[in-house]
Amino acid sequence: MKLAYLFLGPMALFLLAGCSFVLSTSSGNLLTFVGCAVREFTFLAKKPGCRGLRITTDACWGRCETWEKPILEPPYIEAHHRVCTYNETRQVTVKLPNCAPGVDPFYTYPVAVRCDCGACSTATTECETI
């Protein structure tokens, strides 16, 4: 009986340590992940004259490699800036609740099918510059 406790005690600690390692590794992956992937995202769809509707969909998420280096000729800097952006989408339409008479209750939004690191296109992405 004591032999079982001697075996099970360290084995339980080993399993707990293993779980802790997996959890810290998985959360660490999100912090160190470089690339672009489809990830679940929740937002509030709303428009004037209707109540909002909370929607969970797929969106692009990630960090892409970016760099700048000085050069001797104008513009004196060579830049490579890529953003995580939609490569392929599909459109989904939902009906917003409690819309006022005469207000179109339908709301259309993109769902990410495939995402990639690429140049920022204002057609699909909100591009911000400093």
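Going by what an unreviewed UniProt entry lists, the chain is known as Glycoprotein hormone beta-5 and is assigned to Suricata suricatta. Under the Sequence similarities (unreviewed entry) heading, UniProt states for the chain: "Belongs to the glycoprotein hormones subunit beta family." Turning to the chain, the UniProt record has this under Function (unreviewed entry): "Functions as a heterodimeric glycoprotein hormone with GPHA2 able to bind and activate the thyroid-stimulating hormone receptor (TSHR), leading to increased cAMP production. Plays a central role in controlling thyroid cell metabolism."

Turning our eyes to something else, we now look at the overall build of the chain. Helices and strands together make up the secondary structure of the chain, namely one helix and six strands. Beginning at the N terminus, the succession of helices and strands in the chain can be written as α-β-β-β-β-β-β. Within the chain, contacts between residues separated by at least 24 positions form 55% of all contacts whose residues are at least 6 apart in sequence.

Counted under the stated rule, the structure contains three salt bridges. Here Glu 78 makes a salt bridge to Lys 69, at a shortest N to O gap of 3.7 Å. Assessed through its relative accessible area of 33%, Glu 78 is described here as partly exposed. Residue classification places Lys 69 among the partly exposed residues on the basis of a relative accessible area of 41%. In this structure, the salt-bridge partner of Asp 116 is Arg 114, at a minimum N-O distance of 4.0 Å. By relative accessible area, Asp 116 is classed as partly exposed at 32%. Sharing partners across several salt bridges, the network here consists of Glu 88, Arg 114 and Asp 116.

Bringing unusual backbone geometry into the picture now. Backbone geometry follows two general trends: most residues other than glycine have a negative phi, and most peptide bonds adopt the trans configuration. Going from Pro 74 to Pro 75, the amide bond is cis rather than trans, its omega being 10°. By the secondary structure assignment, Pro 75 is in the loop between β3 (66-70) and β4 (77-81). The backbone of Tyr 76 sits at a positive phi, close to 70°, despite the residue not being glycine. Non-glycine residue Asn 98 carries a positive phi angle of around 50°. According to the relative accessible area criterion, Asn 98 is exposed, its value standing at 57%.

Before going further, it helps to examine the layout of surface pockets. Summary: where empty space remains is shown by rolling a probe the size of a single water molecule over the atoms. Taken as a whole, the second largest pocket holds about 230 Å³ of empty space. Looking at the lining of the second largest pocket residue by residue, the class counts come to six nonpolar, five polar and three charged.

With respect to the element layout, Pro 105 can be found in the loop between β5 (83-95) and β6 (106-118). Overall, Pro 105 belongs to the buried group, its relative accessible area being 16%. Each C-alpha atom of the pair Pro 105 and Lys 46 lies 9.7 Å from the other, and the pair is 59 residues apart in sequence. Residue contacts for Pro 105: discarding those within four places in its chain leaves Cys 50, Val 94, Lys 95, Leu 96 and Cys 99.

Scanning the entire structure with this criterion turns up five aromatic pairs. Consider the rings of Phe 33 and Trp 61, whose centres lie 6.0 Å apart with planes at 15°: the pair is stacked. With Phe 33 in the loop between α1 (2-32) and β1 (35-45) and Trp 61 in strand β2 (residues 53-63), this pair connects stretches of sequence that are 28 residues apart. You can call Phe 33 partly exposed: its relative accessible area is 29%. Arranged with centres 6.3 Å apart and planes meeting at 15°, the rings of Phe 41 and Phe 43 form a pair that is stacked. A relative accessible area of 45% places Phe 41 in the partly exposed class. Taken together, Phe 41, Phe 43, Tyr 107 and Tyr 109 form an aromatic cluster joined through their ring pairs.

Criteria and cut-off values
- Residues numbered from 1 in each chain as written.
- Predicted model: local features only at pLDDT ≥ 70, side-chain atom pairs only at ≥ 80, totals over all residues.
- Heavy atoms only, no water.
- UniProt positions renumbered as here; feature names shortened; annotations may be inferred.
- Helix = DSSP H or I, 4+ residues; strand = E, 2+ residues; numbered from the N terminus.
- Contact = heavy atoms within 4.5 Å.
- Salt bridge = Lys/Arg side-chain N within 4 Å of Asp/Glu carboxyl O.
- Buried < 20%, exposed > 50% of the residue type's maximum accessible area, 1.4 Å probe, protein only.
- 1 Å grid on protein atoms, 1.4 Å probe; cavity = no way out; pocket = protein on both sides within 12 Å on 5 of 7 lines; lining within 4 Å.
- Points joined across faces, edges and corners; volume = space filled by probe spheres on them.
- Nonpolar A, V, L, I, M, F, W, Y, C, P; charged D, E, K, R; others polar.
- Phe/Tyr/Trp six-rings, centres within 6.5 Å; stacked < 30°, edge-to-face > 60°.

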